[in-house]
Structures are given as C-alpha cells and as structure tokens.
Amino acid sequence: MSQNIVSSAREAVSIIDSGEYVYTHSMAATPVALLESLYEHALTKKDITVMQLHTEQPDTIDPEKLAGHLRNRCFFVGAPTRKLVQQGHADYIPIFLSEVPQLFRRRVQKVDTVLVQVSPPDRHGMCTLGISVEATKAAIEMADKVVAQINPNMPRTHGDSFLGRKLFDSVVEIDTPLVEHRPAPQTEVTRKIGRLIAELVEDGSCLQMGIGAIPDAALAAMENHKNLGIHTEMFSDGILKLMKRGAITNRNKTKHPGKVVTSFAMGTRELYDFIDDNPEIVFLDVQYTNNTYVIRQNKKVVAINSALQVDLSGQVCADSMGTRIYSGVGGQMDFMRGAALSEGGKPIIALPSTAKNDTISRIAPVLTPGAGVVTTRAHAHYIVTEYGVAYLYGKSLRERARALINIAHPKFREELERQAREVWRLEI
Ligand code: COA
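All figures in this text were calculated on a predicted structure; none of them were measured in a lab.

Calculation criteria
Residues numbered from 1 in each chain as written. Predicted model: local features only at pLDDT ≥ 70, side-chain atom pairs only at ≥ 80, totals over all residues. Heavy atoms only, no water. Helix = DSSP H or I, 4+ residues; strand = E, 2+ residues; numbered from the N terminus. Rg over C-alpha atoms; globule rule 2.2 N^0.38 Å. Buried < 20%, exposed > 50% of the residue type's maximum accessible area, 1.4 Å probe, protein only. Core = buried A, V, L, I, M, F, W, Y, C linked by side-chain atoms within 4.5 Å. Domains from an automatic or database assignment. Pairing = 2+ DSSP bridges. Phe/Tyr/Trp six-rings, centres within 6.5 Å; stacked < 30°, edge-to-face > 60°. Lys NZ or Arg CZ within 6 Å of the ring centre and 35° of its normal. Contact = heavy atoms within 4.5 Å. Axes fitted to C-alpha atoms, helices over the stretch in contact; angles between N-to-C directions. Buried area = accessible area lost by both parts, 1.4 Å probe. Salt bridge = Lys/Arg side-chain N within 4 Å of Asp/Glu carboxyl O. Near = heavy atom within 4 Å. Polar contact = N/O pair within 3.5 Å; in protein donor to acceptor, adjacent residues only side chain to side chain. Areas by Shrake-Rupley, 256 points an atom, 1.4 Å probe, with all protein chains shown as cover.

Novice: Let's hear about the overall build of the chain: which residues, and what values?
Specialist: Scanning the chain from terminus to terminus reveals 15 helices and 29 strands. Expected size for 428 residues packed as a compact globule is a radius of gyration near 22 Å; at 22 Å, the chain falls within 12% of this value. Dimensions of the chain, computed from the C-alpha atoms along their principal axes, are close to 75 × 50 × 35 Å. Counting every position in the chain, which comprises 428 residues, the buried fraction comes to 58%.

Below, the structure written as structure tokens:
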C-alpha cells in the first residue's frame, strides 16, 4: 500500500482545512471514526461544513463547542442530527434523494473532501463503497480529496461501488463492526397494515420499500407471493428473508432482471454477510435507482412509503411535524411517481391511524401549519391504515374525504366528518 496510509483517524482527517465542504459517506456506512476525529480536528479550524444523508454517528456532537468551527448540512435528517436541526444548530435542505448527486455534479453544491468507509482492496487494488453508494459516488467524482477508512468488516459489493485504491489522499485501516439495525418490533397495528399492503401486491410485482415496522410487516405477509422483484433505494433484512424463502426471484423485471437493485443497505450482520461479494445484489448511484424514468420501466412497481400525517384531501406530510423538521423528503416522491408511471404500478402510503397512544389522529382535517407536503394530493393513490385502504386516484375531494375518514381511527371519525363539512365545505 502506498505512503498516504496513516496510523490514526485523527491524522487521516488532518488534510481537511478551514472553509471546506466535506461530504460524509452515509447510512450504515457512516465512517464514525473519521467523523469523530473530524469533530476534534475542526476545533483547530474554522467554518467546516459536513454534508450528509442520514448518518449513524455518536451522540457526541456539541454544537456550542463546534460553533464557528463545524456545522452539519443535512439532505435528510435522522436521529443524530434531528435535535441539532430543530434547535437551529444544523441546516436541512429539502430535496429529492434522486437529486442529491445532481447537486454535486451540476456544481450547485461544492464538495472539497469526501470521507468514506470502504472494503479492503482486492487483487486489482479496487475497494468498494460497500453497503452504501447513494450520493457518495457523485461526491467523490466532484471532490478534490478523498479520506478513506478501510474496514475489513465492510462487504465488497457489486454495481457502482468500485473505487480504485489510488483515489485516496489519506487512508487509515480501522477494523470496527458496522452499524446494525435490528428489525423494528411488530404490533397488532403494523401487522394489520402489513397484511393489507400484501393484499395489494400481485405476484410478479417489483417492490420499493424503506426500513421500519410497516415495511417489515408487509414483507412478512408476502411469504407466499411469487416472482417478486426488488428495485429500491434501500435494502433491509425483511427482503433477505423473502429471498431466502424464494418469493423474490427478480425474474419478471424488465430493468436488471435477475438482480436486486438498491443504493444502500441497513440491517443486521447477517444481511451484510449475505451481500458480501454477492453479484445478485447491485448497489447503484441513487441518481439512477431513484430516477422515475428508470423506475417506471419495470412493470407492476409497488412503492411502499410512510407518513406522519395525511389531510382529508390526500396531502401527505412525511418530513416534519408542523414546522419541526423530523426526517426528509428522501426517495418517497421518486418512487411514488415512478410507481404511478409504471404499467400496473401502485404507489402506497401506509401509516398507523393514530400517534401518541391514540391521542392524535394521523388522518387530519388539515395539515398542521408548517407541515411539509412530500407527496402531493395529485400524486397520492393508495393510503393504508390498520382500518383499511383508501384509493384516492381520480377521486374528488368529497370522495377522498369519505375514503380517508373510513380508514381513520373510529374515535376520530365523527370529528373528521364535522371538519370536512365545516373546513372543506364538503357535503359528506
Ligand atoms: N403527530 C404527532 N406525533 C406523531 C405524528 C403526528 N401526526 N405522527 C407520528 N408521530 C410520532 C410517532 O408517535 C413517533 O413517536 P415516538 O418515536 O415517540 O414513538 C414518531 O413521531 C415517529 O413516527 P413513526 O410512525 O414511528 O415514524 P417512522 O419511523 O415509521 O417514520 C417517516 C415515518 C414518515 C418519518 C419516514 O417514513 C420518513 O422519513 N419518510 C420520508 C422519506 C421516505 O419516505 N423515504 C423513502 C423510503 S426509505
């Protein structure tokens, strides 16, 4: 290995200077050791910006200490950055996941340095981005410098993930376990929603879904389905189970037949071991996986996404609770639209009917002021709660309100009807 290999993460990030825009490899590939060292290093510098999708980083960011030295800039907000964004210590950029790479490639957003966590070089000197290609590939293309953590625990993956070892300006070898996500616990509500979704999914469908209890429940209810395919932004343990049972064959896909297409994976070590050097799973640039033109080329695309709140006209809020940013736009609209354009496709939003121990109806008369509409009412087709399925496509406001009230929690239905009449002036 060449001489730019250093002995510590702190030394590896020391090539980052004041004023730089740093993109960090995200999701379960977050190079935690490099990020932690960057937070220390930044104290000797000024105005470093760390750009990211969701990251898995320790809860050690001290915004007061880092003020003037380092600030986070988030294209998606996850648990580690949520409080920072909500308190004004970090920035949130609302953007489709498919367009984050484009921001870099069109130079709308500058990238000076990229931090990555990669699999060890193979006999050709090629490392891989492992379980997370997302926007990192684009950031590397546009950056001046790449700082790499080589980790033997990072799976070698196929697709757009290959990177020549020569690309790295600074390298450190650190053997740490990857972040794991255990499947979310199921409740009677999530199981009911999962069964309702599974009933909407025909054999031969091509699925996109995220992480969490609802996608897991839906996948668990599809064990007897046949010839399912996967073209998604994200791959998790639920999909692995269906692959092992033979329900997923990818046989009917017109785009990448025989392959699972994804842009990143988050799950358990069992998932990461399955992915390792597995040519059946291809990790592609999120500008490609989430492109509606690509998505629509598969038939019967079923996109399964979630929401925080849906109003009586079918507007879907997924990134905020009122004015408080909770997550991000992500790939929801990319796939909702892609599924709608696919022949026989079904865009689905699935959510529990209530929040906070049944004290709040998530089917609301109107969205909370400031709520972010991620899927517009013109893009919404199927809304699913534990009480059933509301099919909104081609329906009037009056028909939508009726369908949505029918799948609201019974204790809120009367009030929703009153509001539909008074606020929306609908005769229902
Ligand atoms: N009012 C008040 N609180 C609410 C609420 C509402 N309308 N809706 C949800 N909540 C609370 C829940 O009770 C829960 O609180 P808890 O953590 O104390 O239990 C919390 O908010 C999160 O809700 P939950 O339903 O568990 O969220 P989730 O983890 O299933 O995520 C989204 C839902 C919408 C945030 C998530 O799917 C997302 O970020 N979507 C946008 C991006 C996307 O769709 N990408 C494509 C798939 S990867």
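Structure's up, so let's keep going.
Novice: Any details on the nonpolar core? Residues and values, ideally.
Specialist: The biggest cluster of nonpolar side chains holds 73 residues, and the ones touching the most others in it are Tyr-23, Phe-75, Phe-104, Ile-197 and Met-222. In terms of residues, this core owes the most to one element, helix 7 (residues 188-200), which gives five residues. Residues from two domains meet in this core; each of domain 1 (5-173) and domain 2 (188-422) gives at least three. In terms of nonpolar packing, the next biggest core, distinct from the first, is built from 31 residues, Ala-33, Leu-66, Val-77 and Leu-84 among them.

Novice: So, the pairing of strand 6 (residues 113-118): which residues are in play, and what are the values?
Specialist: Among the six residues that make up strand 6, six are buried, leaving the element largely enclosed by the rest of the structure. Alternating positions in strand 6 separate into two faces, Thr-113, Leu-115 and Gln-117 on one and Val-114, Val-116 and Val-118 on the other, with burial throughout. Both strand 2 (residues 21-24) and strand 6 contribute to a ladder of three bridges, which runs parallel. If you follow Thr-24 over to strand 6, its bridge partner there is Leu-115. Of the strand pairs in this sheet, strand 6 and strand 8 (residues 145-150) are connected by six bridges, and their pairing is parallel.

Novice: Quick rundown of the packing of aromatic side chains? Include the residues and the values.
Specialist: According to the stated counting rule, one finds three aromatic pairs in the structure shown. Between Tyr-23 and Phe-104 the ring centres are 5.4 Å apart and the planes differ by 70°, which places this aromatic pair in the edge-to-face class. Residue Tyr-23 is found in strand 2, and its partner Phe-104 is found in helix 5 (residues 100-105); the two are separated by 81 residues along the sequence. Note on Tyr-23: relative accessible area 0%, which makes it buried. By way of ring pairs, the aromatic residues Tyr-23, Phe-75 and Phe-104 are connected into one cluster. The ring of Tyr-387 is capped by Arg-413, whose NZ or CZ atom sits 5.4 Å from the centre of that ring.

Novice: I'd like to hear about the sheet that holds strand 11 (residues 170-173), residue by residue, with values.
Specialist: The strand order across the open sheet built from eight strands is 1-11-8-6-2-3-4-5, with neighbouring strands paired in parallel fashion. Sheet topology places strand 1 (5-6) and strand 5 (91-92) at the edges, where each strand pairs with a single neighbour. Each of strand 3 (48-52), strand 4 (70-74) and strand 5 is contacted by helix 4 (residues 79-86), which is oriented at about 105° to strand 4, the strand it contacts most.

Novice: How would you explain the domain arrangement of the chain if you had to name every residue and give the values?
Specialist: Taken as a whole, the chain is organised into domain 1 (5-173) and domain 2 (188-422). Its C-alpha centre places domain 1 at a distance of 28 Å from the equivalent point of domain 2. Between domain 1 and domain 2, the residue contacts involve 33 residues of the former and 31 residues of the latter. Between domain 1 and domain 2 the total buried area reaches about 2,800 Å² when both faces are included, carbon and sulfur atoms providing 58% of it. Interface area lost by domain 1 to domain 2 is led by Leu-97, Ile-131 and His-158, which between them contribute 22%.

Novice: Summarise the pattern of salt bridges; cite the residues concerned and give the values.
Specialist: A full pass over the atoms with the stated rule returns 21 salt bridges. Among the ionic pairs, Arg-10 bridges to Glu-40, the shortest N-O distance being 3.4 Å. Here Arg-10, found in helix 1 (residues 9-12), pairs with Glu-40, found in helix 2 (residues 32-41); they are 30 residues apart in sequence, far enough to count as distant. Classification of Glu-40 as partly exposed rests on a relative accessible area of 46%. For the salt bridge of Asp-273 with Arg-269, the shortest nitrogen-to-oxygen distance reads 3.1 Å. Taken together, the residues span about one helical turn, with Asp-273 and Arg-269 both in helix 10 (residues 269-275) at a distance of four residues. Salt bridges linked by common partners bring Arg-105, Lys-137, Glu-141 and Asp-285 together as one network.

Novice: So, the site of the ligand: which residues are in play, and what are the values?
Specialist: Taken together, the neighbourhood of the ligand is formed by 20 residues, with Glu-233, Leu-308, Met-321, Ser-327 and Arg-362 sitting nearest. The side chain of Ser-327 places a nitrogen or oxygen atom 2.8 Å from an oxygen atom of the ligand. Relative to its unbound accessible area of 980 Å², the ligand is 68% covered by the protein chains.

Novice: Account for the sheet that holds strand 20 (residues 316-317), naming residues and giving values.
Specialist: In space, the four strands of this open sheet follow the order 26-19-20-27, with mixed pairing throughout. Strands at the two margins of the open sheet, each flanked by one partner only, are strand 26 (363-364) and strand 27 (373-375). Of the pairings in the sheet, the one linking strand 20 to strand 27 comprises two bridges and is antiparallel in character. Directly across from Cys-317, in strand 27, lies its bridge partner Val-373.

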